[in-house]
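# Survey of secondary and tertiary structure
Here is how the chains run, residue by residue.
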Amino acid sequence: MAIVLGENRYGKAETRLVRVSRDGETHTLADFNVSVALSGDLAATHLTGDNSGVLPTDTMKNTVYAFAKEHGVGEPEEFALRLGRHFVETQTQVRAARIGIESYGWTRLGPHSFRRQGDHTRTAEITVTVEQTQVVSGIQGMVLLNSTNSEFHGFPRDRYTTLPETTDRILATAVDGRWRHLADETDWAKSYEGAIDALTRAFVETHSLSLQQTLFAMGSQVLTDRAEIAEIRLALPNKHHYLVDLSPFDLTNDNEVFIAGDRPYGLIEGTVTRDDVPPAITEWYP
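Summary of the structure given here. (Residues numbered from 1 in each chain as written. Predicted model: local features only at pLDDT ≥ 70, side-chain atom pairs only at ≥ 80, totals over all residues. Heavy atoms only, no water.)

A separate point is helix α2 (residues 57–71). With 15 residues, α2 ought to run about 21 Å at 1.5 Å a step, and its terminal C-alpha atoms sit 21 Å apart, in line with that. Every buried residue of α2 is listed here: M60, T63, V64, F67 and A68. For α2, the buried positions fall inside an angular range of 130 degrees around the axis, keeping them on one side. Of the residues in α2, the exposed ones pointing more than 90 degrees away from the buried face are K69 and E70. As for α2, its buried residues are in contact with β1 (10–23), β2 (26–40) and α3 (76–90). Backbone geometry just downstream of α2 places G72 in the positive-phi region, at approximately 80 degrees. (Helix = DSSP H or I, 4+ residues; strand = E, 2+ residues; numbered from the N terminus. Expected span 1.5 Å × (residues − 1). Buried < 20%, exposed > 50% of the residue type's maximum accessible area, 1.4 Å probe, protein only. Arc of directions from axis to C-beta. Contact = heavy atoms within 4.5 Å.)

This brings us to the packing of aromatic side chains. In this structure the tally under the stated criterion is three aromatic pairs. The interplanar angle of 15 degrees and the centroid separation of 4.8 Å between the aromatic rings of F152 and F155 together place this pair among those described as stacked. Residue classification places F152 among the partly exposed residues on the basis of a relative accessible area of 25%. For F155, a relative accessible area of 15% gives the class buried. Sitting over the ring of Y192, R122 keeps its end group 4.3 Å from the ring centre. A cation over a ring is seen here: R233 above W284, with NZ or CZ 4.0 Å from the ring centre. (Phe/Tyr/Trp six-rings, centres within 6.5 Å; stacked < 30°, edge-to-face > 60°. Lys NZ or Arg CZ within 6 Å of the ring centre and 35° of its normal.)

Further remarks concern the nonpolar core. Across soluble globular proteins, you tend to see nonpolar side chains buried next to one another. Among the nonpolar cores identified, the biggest contains 28 residues, and F32, V34, L38, F79, L83, F87 and I99 are the most heavily contacted of them. For this core, the secondary structure elements donating two or more residues are β1, β2, α2, α3, β3 (94–103) and β6 (121–129). At six residues, α3 tops the list of elements feeding residues into this core. The residues touching F79, leaving out its near neighbours within four places in the chain, are L17, F32, V34, V64, F67, A68, G72, V73 and I101. If you look at the next biggest cluster of nonpolar residues, it comprises 24 residues, including Y192, L211, L215 and V272. (Core = buried A, V, L, I, M, F, W, Y, C linked by side-chain atoms within 4.5 Å.)

Take the pairing of strand β7 (residues 133–146) next. Pairing between β6 and β7: eight bridges, direction antiparallel. For E125, the partnering residue across the bridge sits in β7 and is V136. Linking two consecutive strands that pair antiparallel, namely β6 and β7, is a turn of three residues. Sheet analysis places β7 next to strand β8 (residues 171–181), joined by nine bridges and oriented antiparallel. Bridge pairing in β8 links G138 to R178. (Pairing = 2+ DSSP bridges.)

In structure tokens:
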């Protein structure tokens, strides 16, 4: 039996970057969490401790900050592409660079005043290889709720099933979604806003018989609206809401008073894709 080195990568995780663009009295703010991972001809450092091909992770951190100054930031996909291409083009031992960015939104309150948005996080993950580029955009933690137009019935029952069937329930979820682009050039801001609009519109307009049905409707709407997107992957936790038993107080509960459940929760995951798009160059997940 031979012991061999398998797939490996290394990099600098979670470099916090805040870039203020000062255009007269009106400022703009970019707030990123940047992670870099490089892979390629790196066997020597694992097998013998030879670091001649190991670009220091501290250099990766410094590159993030220097690029923010030299090139500006722009959209997270744009910044990640610039970083990924730099590492692949300047380090001959590197065959692929994966750049992940979490982008935190701020609402403008004045020319130079802002309020942090806390309802979701925008994400981007760029993979640049010597031959190809893959762009995956996404969102984390976008909480949505329908107070009606949701049902769940007709499911199999066994001796352990206690859940009652319902034709009117609260449907709530916190959307984690990622979508792969067909190309590495587009209007990233417009594409992102369009995808979010499609996701939320489908959630609102779908009379849901299951969260799985809603997931497919949301993914389908994104692909219908956004021709630049090849496929979308969604992870939708079912944020359960349970009716409170008010009978001890001689009160009826007409689908009005609920306990918002924390855990455990159902987790629905799925991919919606076009049937004529090229495959991904590397695996990616919500």
